[in-house]
Amino acid sequence: MALSRSTMAMNDEILIQASGLGVRLGGRRILENVDFAVRRGEIVTVVGPNGSGKSTLLRALIGAIAPSRGSVEHQKGLQIGYVPQRLHIDPTLPLTVDRFLNLPRRHAREDIAKALGRAGLPEYGNASMASLSGGQFQRVLMARAILDQPQLLMLDEASQGLDQTGTADFYRQVEEIRDTLGCGIIMVSHDLHVVMRAADRVVCLNQTICCQGHPEAVSADPEYHALFGAGGDEALALFRHDPHQHPHEPPLESGNAGDSETKKASSDAG
Amino acid sequence: MLDDFMVRAILAGLGVVLAAAPLGCFVVWRRMAFFGHATAHAAVLGVALSLALSVSIFAGVLVISLMMAVLVTVLTGRGYAMDTMLGVLAHAALAFGLVAVSFLTDIRLDLMAYLFGDILAVRRGDLAIIWGGSALVIGLMAWRWQQLLTATVSADLAYAEGYDPQREELILTIALAIVVAVAIKVVGILLITALLIIPAAAARPFCSTPERMAAGAAVVGAASIAGGFWGSWHLDTPAGATIVSVSAILFAALNILGRLRPGAS
């Protein structure tokens, strides 16, 4: 698409690329003819309604699902940090946070401690994974994904289980990670509000890519409106940090969303 | 020393439980108990074929159990639930095995030894095979430990790291077939899965990491062997069944203790 060309990251190094990707699961067509690439230093957000194939796209990109058509190419030796949407650890498997962070590669004790500090869970090394709250669990998943300094970070609905402040913090952290590691980032979300702010490029997915480009350009695209309707307008308004664009929302709530950037996440730690 | 049948029996038992400990943990974590049953039951067919073809029982059982494990892996997810598929295959393997054995009229009496184990009859050569197979399984587990754990926590995480979780699963499958083949003499086909699952499950309440659980399972397994021998000697009961009974008692005791422990979760 013409839109995407102007917003491609300054660095043209392609980390991962899907060409003409089609996926069928149990006879159902999930993805069709998806052309998708992520470059170094770029934050790409994939949005789409439930069941649009967002998670399937990520799983096809990491090789967990074999494409029925097309191909997925990785840069040689590409190191991927992956934060799955759900992770169920069987209760019979005893796993401390420390032990989990050492999978599949072991790390020096100091590195683990540092990673936990960054995640805001400095005292949790010996805690069992099963004892963590949803938000804490999510932050541990994130800490594990960036421990190896991946060239590509993939986040599947990674902000779920976080409250509003936690979510805002989370996306600021995503930008920080991009800036410090210089990695490419793919985020999947159906939460338009927050996602749009952090992205360099938004990809609208509904079985196939309906539109993509800079967040503001995408939100003006009729395809995007067809997909998200009024909710999309709200997200655009938030993206512009302009509360007057959506008068229907209670002022207190929109104020919260705007201000949350200046707050520290603390409420979800308990 | 190896001339004493009791010493050989205890060494054989220890060899099996040491390999069964780490593998048994994966069987528990990945909910493969029924899968273990199917693999073990196929061993009857392996025994029958080995006797008919006059080849080593160990080799025959290893090959048939491996074929069964691969068949189960290939067939799952194709129409029937894993549970149903394993139920069909496990019992079909046992039934076909028993039918096959009945054709070999002269060995019918020995069947009990294969179904329930005959640990006191372990010879020096058996001991070498048991410890060889056991060392192989422990080596496989140690070599792939990190990747196996990652794949067990989440197949997708393994894929993202560039490992193929199906390959890791195949390694577990091979290890399982080896344990079945070496454990027949010790506890018999019908109780092999017990030796995999019960020590691991017994160790769970007191372990906070996967490694500790594997070590704990080895300790419980060794205690079951020791206690089982002692019990079978004094009560004049079958050794294999007594070993499994002791491990079941340990399982119950440790789980109750685990719940009573302050701060238990």
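Visitor: I keep staring at the packing of aromatic side chains and nothing clicks. Help me out?
Guide: Ring pairs (aromatic) are described by centroid distance and by the angle formed between their planes. Residues and elements named next belong to chain B. Counted according to the given criterion, the structure contains three aromatic pairs over all chains. Relative to Trp-29, the ring of Phe-26 has its centre 5.0 Å away and its plane inclined at 80 degrees; by these criteria the two rings are edge-to-face. Of this pair, Phe-26 and Trp-29 both sit in helix α1 (residues 5-29), three residues apart, roughly one helical turn. Of the residues examined, Phe-26 reaches a relative accessible area of 0% and is grouped as buried.

Visitor: Can you help me understand the interface of chain A and chain B in this one?
Guide: Where interface size is given, it is often the accessible area lost as the parts come together that is meant. In this complex, chain A contributes 26 residues to the contact, which on the side of chain B involves 23 residues. Across the chain A to chain B interface the summed buried area is about 2200 Å²; carbon plus sulfur atoms make up 56%. Across the contact surface, chain A and chain B share six salt bridges. Two residues, Glu-161 of chain B and Arg-144 of chain A, come together in a salt bridge whose shortest N-O distance is 3.3 Å. Summed over the shared surface of chain A and chain B, the result is 11 residue pairs in polar contact (both at pLDDT 80 or more). Across the side of chain A that touches chain B, the residue classes tally to 14 nonpolar, six polar and six charged.

Visitor: Mind showing me how you'd approach the pattern of salt bridges here?
Guide: Within this structure, the stated rule accounts for 16 salt bridges over all chains. Close ionic contact of Arg-105 of chain A with Glu-161 of chain B constitutes a salt bridge, the shortest N to O distance being 2.4 Å. Here Glu-161 of chain B lies in the loop between α7 (155-160) and α8 (165-187) and Arg-105 of chain A lies in the loop between α3 (97-101) and α4 (109-118), a pairing that spans two chains. The exposure class assigned to Glu-161 of chain B is buried, which follows from its relative accessible area of 14%. By sharing partners, the salt bridges in this structure join Arg-105, Arg-144 and Asp-148 of chain A together with Glu-161 of chain B into a single network.

Visitor: Honestly, helix α9 (residues 192-203) of chain B in this entry has me stumped. Any pointers?
Guide: Quick reminder: α-helices carry 3.6 residues per turn. Residues three or four places apart thus point the same way. Residues and elements named next belong to chain B. Most of α9 is tucked away: 11 of the 12 residues are buried. Looking only at α9, the buried set comprises Ile-192, Thr-193, Ala-194, Leu-195, Leu-196, Ile-198, Pro-199, Ala-200, Ala-201, Ala-202 and Ala-203. Those residues of α9 that are buried lie in contact with α1, α2 (33-53), α8, α10 (210-235) and α11 (239-260).

Visitor: Is there a simple way to explain unusual backbone geometry in this structure?
Guide: At the junction of Leu-103 of chain A and Pro-104 of chain A, the peptide bond is cis and its omega measures out at -5 degrees in the coordinates. Topologically, Pro-104 of chain A is positioned in the loop between α3 and α4. Backbone geometry places Asn-33 of chain A, a non-glycine residue, at a positive phi of 45 degrees. With respect to the element layout, Asn-33 of chain A can be found in strand β2 (residues 28-39). Positioned with a positive phi, Ser-54 of chain B is a non-glycine residue whose angle comes to about 55 degrees.

Visitor: What is the right way to look at the confidence of the model for chain B in this model?
Guide: Low pLDDT marks stretches whose predicted atomic positions should not be read closely. Taken as a whole, chain B shows an average pLDDT of 90; of its residues, 95% reach a score of 70 or greater. In the predicted complex, the global pTM is 0.85; the interface-specific ipTM is 0.88.

Visitor: Is there a simple way to explain empty space enclosed by the protein in this structure?
Guide: The gaps left among the atoms become clear once a water-sized probe is rolled over them. Taken as a whole, this structure holds one cavity of 30 Å³ or more when the rule is applied. In this model, the largest cavity occupies a volume close to 30 Å³. By residue class, the composition of the lining of the largest cavity is four nonpolar, one polar and four charged.

Rules behind the numbers
- Residues numbered from 1 in each chain as written.
- Chains lettered and ligands numbered in written order.
- Predicted model: local features only at pLDDT ≥ 70, side-chain atom pairs only at ≥ 80, totals over all residues.
- Heavy atoms only, no water.
- Phe/Tyr/Trp six-rings, centres within 6.5 Å; stacked < 30°, edge-to-face > 60°.
- Helix = DSSP H or I, 4+ residues; strand = E, 2+ residues; numbered from the N terminus.
- Buried < 20%, exposed > 50% of the residue type's maximum accessible area, 1.4 Å probe, protein only.
- Contact = heavy atoms within 4.5 Å.
- Buried area = accessible area lost by both parts, 1.4 Å probe.
- Salt bridge = Lys/Arg side-chain N within 4 Å of Asp/Glu carboxyl O.
- Polar contact = N/O pair within 3.5 Å; in protein donor to acceptor, adjacent residues only side chain to side chain.
- Nonpolar A, V, L, I, M, F, W, Y, C, P; charged D, E, K, R; others polar.
- pLDDT = per-residue confidence, 0-100.
- 1 Å grid on protein atoms, 1.4 Å probe; cavity = no way out; pocket = protein on both sides within 12 Å on 5 of 7 lines; lining within 4 Å.
- Points joined across faces, edges and corners; volume = space filled by probe spheres on them.

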